[in-house]
Amino acid sequence: LFGQTPFAMRLPSVLAGLAAVALVWLITRRWFDDRVALASATIFSVTVGHLWIARIGLQESVLIALMLVAVWLFLEGIERLGRGSFGGAGRIAVAGAVFGLAFLAKYNALILAPMFATIALVRLGRARGSLRRVVGPFALAVLLFLAVASPVIIYNIKLWQQFGHFDFQFSMLFG
């Protein structure tokens, strides 16, 4: 659309960086007040690392935005499930799919898996019987994650079968 220019290469990164600032504001506003949300988004928006990543055209910008979307959906889903409100299970399932997209952007997104598991256990473990309510949505989220991430998983399985090793990132991840 914009040709092979630096602008075309950097545009997705810039848009993802702007979305990440908005998501920091949205996540913080949901659990704190407007002042804290504005302060968080402002500090995040002027952080040297974020500015550098968002303007240079690295895939990390997209990774950060997708991880923040997954976190927001997951936290919203957990909170709704804890209250017994409608839509919590769906948000958790969609968070799994978005988590899969983040994993496709870069494998570093895997850091969300233990975080999500811990949050689910801590937040819902307190409420009697609520842990059972999260098992189904959590299993669906894992299935959606695996479905979205399947190209990378299949690729690495085939690499292992063919050459006896994974790609560089998986090799580093699994030693």
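We now turn to the structure provided with this report. Since this is a predicted model, take the numbers as computed values, not measurements. (Residues numbered from 1 in each chain as written. Predicted model: local features only at pLDDT ≥ 70, side-chain atom pairs only at ≥ 80, totals over all residues. Heavy atoms only, no water.)

In terms of regular secondary structure, the protein is built from eight helices and zero strands. Put simply, the protein runs from its N terminus to its C terminus through helices and strands in the order α-α-α-α-α-α-α-α. Dimensions along the principal axes, computed over C-alpha positions, put the protein at roughly 55 × 50 × 30 Å. For the protein, with 175 residues in total, the buried portion stands at 33%. Of the contacts made within the protein by residues no fewer than 6 positions apart, 64% connect residues no fewer than 24 positions apart. Here the protein has roughly 10,400 Å² of accessible surface; of this, 72% comes from carbon and sulfur atoms. (Helix = DSSP H or I, 4+ residues; strand = E, 2+ residues; numbered from the N terminus. Buried < 20%, exposed > 50% of the residue type's maximum accessible area, 1.4 Å probe, protein only. Contact = heavy atoms within 4.5 Å. Areas by Shrake-Rupley, 256 points an atom, 1.4 Å probe, with all protein chains shown as cover.)

With that out of the way, let us pick up the packing of aromatic side chains. Throughout the structure, instances matching the rule amount to seven aromatic pairs. Pairing Phe99 with Phe145 gives two aromatic rings, centres 4.5 Å apart and planes at 25 degrees, and the pair type is stacked. Residue Phe99 is located in helix H5 (residues 88-105), and its partner Phe145 is located in helix H7 (residues 130-163); the two are separated by 46 residues in the primary sequence. Looking at Phe99, the relative accessible area reads 7%, which means it is buried. The structure contains a cluster of three or more aromatic residues connected by ring pairs, namely Phe74, Phe99, Phe103, Tyr107, Phe116, Phe138 and Phe145. A cation sits over an aromatic face here: Arg30 above Trp31, 5.4 Å from the ring centre. (Phe/Tyr/Trp six-rings, centres within 6.5 Å; stacked < 30°, edge-to-face > 60°. Lys NZ or Arg CZ within 6 Å of the ring centre and 35° of its normal.)

This paragraph deals with the side chain of His50. Along the chain, His50 falls in helix H3 (residues 48-56). Separated by 3.3 Å, the side chain of His50 and the backbone oxygen of Gly17 make a polar contact. (Polar contact = N/O pair within 3.5 Å; in protein donor to acceptor, adjacent residues only side chain to side chain.)

All right, on to the nonpolar core then. Ranked by internal contacts, the top residues of the largest apolar core, which has 23 residues, are Phe74, Phe99 and Phe103. Every element with two or more residues in this core is listed here: helix H4 (59-83), H5, helix H6 (112-125) and H7. The leading source of residues in this core is H4, at seven residues. Contacts of Phe99, omitting those with residues within four sequence positions, involve Ala70, Ala109, Leu110, Leu112, Ala113, Phe116 and Phe145. Ranked by size, the runner-up nonpolar core spans five residues in total, among them Ala20, Val24, Ile27 and Leu68. (Core = buried A, V, L, I, M, F, W, Y, C linked by side-chain atoms within 4.5 Å.)

With that out of the way, let us pick up the packing of H4 against H5. The contact between H4 and H5 brings their axes to 8 Å, and the two run at 165 degrees. The orientation of H4 with respect to H5, classified from their angle, is roughly antiparallel. Every pair of crossing elements has a handedness; the one defined by H4 and H5 is left-handed. In terms of residue class, the contact of H4 with H5 is made up of 18 nonpolar, three polar and three charged. (Axes fitted to C-alpha atoms, helices over the stretch in contact; angles between N-to-C directions. Parallel < 35°, antiparallel > 145°, perpendicular 65-115°, else oblique. Left-handed = near helix turned anticlockwise from the far one by under 90°. Nonpolar A, V, L, I, M, F, W, Y, C, P; charged D, E, K, R; others polar.)

It is worth spelling out a nonpolar patch on the surface at this point. A cluster of nonpolar residues, Leu140, Val142, Leu143, Leu144 and Leu146, forms a patch on the protein surface that exposes about 400 Å² of accessible area. Note that Leu144 resides in helix H7. Residue Leu144 is classed as partly exposed on the basis of its relative accessible area of 31%. (Patch = residues over 30% accessible without salt bridge, like charges linked within 9 Å, V, L, I, M, F, W, Y side chains within 5 Å. Salt bridge = Lys/Arg side-chain N within 4 Å of Asp/Glu carboxyl O.)

The first and last C-alpha atoms of H5 sit 26 Å apart over 18 residues, in line with the 26 Å expected at 1.5 Å per residue. The set of residues buried in H5 consists of Gly88, Ile92, Ala93, Ala95, Gly96, Ala97, Val98, Phe99, Gly100, Ala102 and Phe103. (Expected span 1.5 Å × (residues − 1).)

Once that is clear, we can look at the packing of helix H2 (residues 34-46) against H3. At a closest axis distance of 5 Å, the pairing of H2 and H3 adopts a crossing angle of 60 degrees. Residue-level inspection shows Phe44, Ser45 and Val46 of H2 in contact with H3, the latter providing Val48, His50 and Leu51. The class makeup of the residues in the contact of H2 with H3 is four nonpolar, two polar and no charged.

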